[in-house]
Amino acid sequence: MHEVIKFMSQAGFYEDLRNMPGQVKSTICLTIIISILCLIFYFKVKKVDPLAKTPKWLVPFILLVSTINDFVKTYIGKRWKSYAPYFVSLGIFLFISNTSSIWGITPPTTYIMINAALAVISFFIIQITGIVSNGVLGYLKSFVTPIPVLLPINLIGEFSFPLSLCLRITGNMMAGSVISALVIGAFGYAAIPFMPVINAIMDLFSGVIQAAVFVMLSIIFVSMKIDDSEKIEV
């Protein structure tokens, strides 16, 4: 163990860690926390008797998963089970990240590179879905539909999706800080006693809305790549 720590120190690991943006550190911390909570939740759910009355603490989680599953099923169709785990995980991560400032943690989603990474993952899922659902030729044909002259516009529209996802959530998450600064600038020290409440409301409201928008847009764009014959009720 001592040799590992010594190697990490010589490799400059700790120096790199200190120089990381606060949002990256927050992402690492939140990922560890979420992983631990998921393990605890997994073992706790395993002890629940499916034939007994549903515990009250489990109801909100069932409602969340059911809501996302129903939305995915409606838009994606018979392949919904392949996508639902990703979108549920994405929604949980974004909600916790967006509202983490309430607990005194720098929101990871105020850092554009983290949002870009999430947007790129959704982008690749969308493109892979198009290939799997329509075949390579059908996927390529979609870029020249309805007429070949629209190829440049279709390509721009395709690649603008991750950019718009990234910029939308970054701008909206940073807006809370701007509004807080404007309130303090307008009312001065008189606003200080009310700022914790204002920040909590803004962070919670904006965090929930932005997480929902990010997930819903990703689901809808995946749906647009799926052949209509697969969008059946299951």
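Residues numbered from 1 in each chain as written. Predicted model: local features only at pLDDT ≥ 70, side-chain atom pairs only at ≥ 80, totals over all residues. Heavy atoms only, no water.

Applying the stated criterion to the full structure yields one salt bridge. Notably, a salt bridge pairs Lys 225 with Glu 158, separated by 3.1 Å at the nearest N-O pair. Taken together, the residues Lys 225 in helix α8 (residues 195–225) and Glu 158 in helix α7 (residues 151–187) connect sequence positions 67 residues apart. Residue classification places Lys 225 among the buried positions, given a relative accessible area of 12%. Classification of Glu 158 by relative accessible area gives buried; the value is 15%. (Salt bridge = Lys/Arg side-chain N within 4 Å of Asp/Glu carboxyl O. Helix = DSSP H or I, 4+ residues; strand = E, 2+ residues; numbered from the N terminus. Buried < 20%, exposed > 50% of the residue type's maximum accessible area, 1.4 Å probe, protein only.)

Time to look at the nonpolar core. In this structure, Val 72, Ile 76, Phe 87, Leu 94, Phe 214 and Val 222 are the most contacted members of the largest nonpolar core, which totals 28 residues. When contributions to this core are tallied by element, the ones reaching two or more residues are α3 (22–46), α4 (59–76), α5 (80–98), α6 (112–141), α7 and α8. By residue number, the principal contributor to this core is α5, which donates nine residues. (Core = buried A, V, L, I, M, F, W, Y, C linked by side-chain atoms within 4.5 Å.)

The packing of two helices is summarised by the inter-axis angle and the distance between the axes. Between α6 and α8, the least distance of the axes is 8 Å, while the angle of their chain directions is 15°. The angle between the axes of α6 and α8 places the two elements in the roughly parallel class. Along this stretch, α6 crosses α8, giving a crossing that reads as right-handed. Each of Leu 118, Ala 119, Ser 122, Ile 125, Ile 126, Gln 127, Thr 129, Gly 130, Ser 133, Asn 134 and Tyr 139 in α6 lies in contact with α8, whose residues at this interface are Phe 214, Ser 218, Phe 221, Val 222 and Lys 225. Tallied by class, the residues present in the contact of α6 with α8 amount to eight nonpolar, seven polar and one charged. (Axes fitted to C-alpha atoms, helices over the stretch in contact; angles between N-to-C directions. Parallel < 35°, antiparallel > 145°, perpendicular 65-115°, else oblique. Left-handed = near helix turned anticlockwise from the far one by under 90°. Contact = heavy atoms within 4.5 Å. Nonpolar A, V, L, I, M, F, W, Y, C, P; charged D, E, K, R; others polar.)

As a volume, the largest pocket reaches approximately 900 Å³. Every residue lining the largest pocket is counted, 24 residues in all, and those nearest its centre are Phe 61, Leu 64, Val 88, Gly 91 and Ile 92. Contributing elements (two or more residues each) for the lining of the largest pocket: α3, α4, α5 and α8. Among the elements that take part in the lining of the largest pocket, α4 stands out by supplying seven residues, more than any other. For the lining of the largest pocket, the per-class residue count stands at 22 nonpolar, two polar and no charged. Lining the second largest pocket are Thr 31, Ile 34, Ser 35, Cys 38, Ser 89, Leu 90, Ile 92, Phe 93 and Leu 118. Of all the secondary-structure elements, those providing two or more residues to the lining of the second largest pocket are α3 and α5. Per-class residue counts for the lining of the second largest pocket are six nonpolar, three polar and no charged. (1 Å grid on protein atoms, 1.4 Å probe; cavity = no way out; pocket = protein on both sides within 12 Å on 5 of 7 lines; lining within 4 Å. Points joined across faces, edges and corners; volume = space filled by probe spheres on them.)

Our next topic: a nonpolar patch on the surface. A cluster of nonpolar side chains, Ile 28, Ile 32, Ile 33, Ile 36, Leu 37 and Ile 40, forms an exposed patch at the surface whose accessible area comes to about 530 Å². The residue Ile 36 is located in helix α3 in this model. Under the relative-accessibility criterion, Ile 36 is labelled partly exposed at 46%. (Patch = residues over 30% accessible without salt bridge, like charges linked within 9 Å, V, L, I, M, F, W, Y side chains within 5 Å. Areas by Shrake-Rupley, 256 points an atom, 1.4 Å probe, with all protein chains shown as cover.)

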